[in-house]
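Okay, here's what each chain looks like letter by letter:
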There are 2 protein chains.
Amino acid sequence: MEDVKLLTCNEKIRAIHDTMDVLSGKWKVSIIACLCYKGMRYSELKREVNGISGKMLSRELKDLEINKLIERTVEHTKPVCVYYKITPYGASLKELTEVIATWGLKHREMITQ
Amino acid sequence: MEDVKLLTCNEKIRAIHDTMDVLSGKWKVSIIACLCYKGMRYSELKREVNGISGKMLSRELKDLEINKLIERTVEHTKPVCVYYKITPYGASLKELTEVIATWGLKHREMITQ
DNA sequence: CGGAATCCGCGCGGATACTG
DNA sequence: CAGTATCCGCGCGGATTCCG
């Protein structure tokens with residue numbers, strides 16, 4: 001966490017690009033944050049991540065699963081029930097989601113004052 | 001910083017959306033991070049933020065200026081010289097850029113191992 | 001219920017050329 | 001030097017419909 005301050009500007013930019021490649025799009029951070037709270041089903045996730053369409057949710061979830069940030073489990077009931085949960089690796093993004101959320105709160109105060 | 005842990009899931013998602021609205025696109029975080037190091041001219045910024053096109057740099061800088069995160073100063077020399085620097089408000093994003101960069105480093109280790 | 005398939009518009013984003 | 005203007009393709013992202 002502290003070693004980042006030893007980076008040159010260029011190294012830091014590269015590191016930021018690496019993160020942004022994984023978290024690109026406007027929904028992934030929200031999905032990660034949700035699943036950091038608790039595992040959820042598809043429909044529950046769609047409700048929590050306010051405003052996302054079904055197609056985008058499927059797409060983003062697939063991306064996140066490929067990158068090993070979340071895990072997908074299918075329960076073969078009728079009708080089927082699909083469960084998503086964060087992986088230990090994905091959970092390493094929790095601090096990031098909190099910093100982003102904290103800044104969002106301050107920003108809202110700022111623009112509404 | 002700590003109060004974010006008191007948020008409900010929904011409040012946190014809203015806060016994240018608020019941040020993402022300002023930092024959307026794949027370049028803004030990098031630009032902010034750069035200008036947190038030091039003020040820079042347009043051409044210098046274009047070199048540091050690796051891979052960005054001139055059009056996108058102009059566009060992103062305009063967005064960031066509108067949101068009061070950066071400041072633009074024109075020196076009327078010939079040829080003109082335009083200087084960008086972070087505002088105090090924009091500097092409040094520094095922790096965010098560091099957390100993102102730190103995770104990017106860990107992620108690179110992860111995927112290259 | 002949890003998607004996949006399809007259609008479609010809009011805007012991102014690159015390349016190039018041009019301007020003060 | 002620091003942009004703006006133009007062209008253009010691609011993919012985001014919503015809406016709707018269909019499927020197992």
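Each residue is numbered by its place in its chain's sequence as written, counting from 1. All chains are assigned letters beginning at A, and all ligands numbers beginning at 1, according to the order in which they are written. This being a predicted model, a pLDDT of at least 70 is required before a residue's local features are given, and a value of 80 or more before pairs of side-chain atoms are given or counted; all residues contribute to the totals for chains, interfaces and linings. The side-chain figures draw on all heavy atoms in the structure; neither hydrogens nor water molecules are used.

Moving on, we get to the overall build of chain A. The numbering of helices and of strands both runs from the N terminus, where a helix is a DSSP run of H or I of at least 4 residues and a strand a run of E of at least 2. Scanning chain A from terminus to terminus reveals six helices and three strands. Buried, partly exposed and exposed residues are distinguished by accessible area as a fraction of the type maximum, computed with a 1.4 Å probe on protein chains only: under 20%, between the cut-offs, and over 50%, respectively. Burial analysis of chain A (113 residues in total) assigns 47% to the buried set. Across chain A, contacts joining residues at least 24 apart in sequence account for 47% of those joining residues at least 6 apart. The Shrake-Rupley method, run with a 1.4 Å probe sphere, supplies the accessible areas, and residue values consider only the shown protein chains as cover. Carbon together with sulfur atoms contributes 54% to the accessible area of chain A, which is approximately 6200 Å² in total. When charges are counted, Lys and Arg are positive and Asp and Glu negative, with His and the chain ends excluded. Here the site of a charge means atom NZ of a Lys, CZ of an Arg, CG of an Asp or CD of a Glu. Each charge sign in chain A was given a centre, from 19 positive and 15 negative side chains, and these centres are 8 Å apart. In this analysis, two residues are considered to be in contact whenever any of their non-hydrogen atoms come within 4.5 Å of each other.

Residue and element names in this part refer to chain B. By definition here, a helix of n residues has an expected span of 1.5 Å times n minus one. With 15 residues, helix α1 (residues 9-23) ought to run about 21 Å at 1.5 Å a step, and its terminal C-alpha atoms sit 21 Å apart, in line with that. Burial analysis of α1 places eleven of its 15 residues in the buried class, the great majority of the element. Where α1 terminates, the next one or two residues include G25, which has phi positive at roughly 90°.

Residues and elements named next belong to chain B. Taken together, three strands build an open sheet; the order of strands is β1-β3-β2 and the sheet is antiparallel. Across the chains shown, the open sheet's two edge strands, defined by having one partner strand only, are β1 (40-41) and β2 (70-75). With six bridges joining them, β2 and strand β3 (residues 81-86) adopt antiparallel strand pairing. Bridge assignment links V74 to a residue of β3, and that residue is V82. If DSSP finds at least two bridges between two strands, the strands pair.

With that settled, the discussion passes to the protein's contact with DNA strand D. Taken together, the neighbourhood of DNA strand D is formed by 18 residues, with K55 of chain A together with R41, S43, R72 and Y84 of chain B sitting nearest. If you look at DNA strand D and keep only atoms within 4 Å of the protein, 66% of those are sugar or phosphate atoms. Polar contact is the term for a pair of N or O atoms within 3.5 Å; when the atoms are in protein, one must be able to donate a hydrogen and the other to accept it, and sequence-neighboring residues count only if both atoms are side-chain atoms. In this structure, a phosphate oxygen belonging to DNA strand D sits 2.9 Å away from a side-chain N or O atom of R41 of chain B. Note that a phosphate oxygen of DNA strand D is positioned 3.5 Å from one of the backbone N or O atoms of V82 of chain B. Elements supplying a minimum of two residues to the surface near DNA strand D: α4 (54-66) of chain A together with α3 (42-48), α4 (54-66) and β3 of chain B. We call Asp, Glu, Lys and Arg charged. Ala, Val, Leu, Ile, Met, Phe, Trp, Tyr, Cys and Pro are nonpolar, and the rest, Gly among them, are polar. Taken together, the residues of the surface near DNA strand D sort by class into eight nonpolar, three polar and seven charged. Any residue with at least one heavy atom within 4 Å of a molecule or strand is counted as near it.

UniProt positions are given in the numbering used here, feature names are shortened, and annotations may be inferred rather than shown by experiment. Under the UniProt annotation, "domain: HTH hxlR-type" (unreviewed entry) lies at residues 9-112 of chain A. Within the segment residues 9-112 of chain A, helix and strand shares are 65% and 13% respectively, and the terminal C-alpha atoms sit 33 Å apart.

Once that is clear, we can look at the protein's contact with DNA strand C. Close to DNA strand C lie 17 residues; R41, S43, R72 and Y84 of chain A together with K55 of chain B are nearest. Among all atoms of DNA strand C positioned within 4 Å of the protein, those belonging to sugar or phosphate total 68%. Between DNA strand C and the protein, one listed contact pairs a phosphate oxygen with a side-chain N or O atom of R72 of chain A at 2.5 Å. Here Y84 of chain A contributes a side-chain N or O atom positioned 2.6 Å from a phosphate oxygen of DNA strand C. Among the elements of the structure, α3 (42-48), α4 and β3 (81-86) of chain A together with α4 of chain B are those that each provide at least two residues to the surface near DNA strand C.

As a working rule, side chains carrying opposite charge can pair if their charged atoms are close by. When a carboxyl oxygen of Asp or Glu is within 4 Å of a side-chain nitrogen of Lys or Arg, the pair counts as a salt bridge. In this structure the tally under the stated criterion is eight salt bridges over all chains. One salt bridge connects E44 of chain A with K38 of chain A, and the closest N-O pair in it is separated by 2.5 Å. Residue class for E44 of chain A comes out partly exposed when judged on its relative accessible area of 21%. Under the relative-accessibility criterion, K38 of chain A is labelled partly exposed at 42%. For D63 of chain B, the salt bridge is made with K28 of chain B, and the minimal N-O distance between the two is 3.5 Å. Of the two residues, D63 of chain B sits in helix α4 while K28 of chain B sits in helix α2 (residues 28-37), which places them 35 residues apart along the sequence. Overall, the relative accessible area of 30% leaves D63 of chain B in the partly exposed class. Using a relative accessible area of 4% as the deciding quantity, one classes K28 of chain B as buried.

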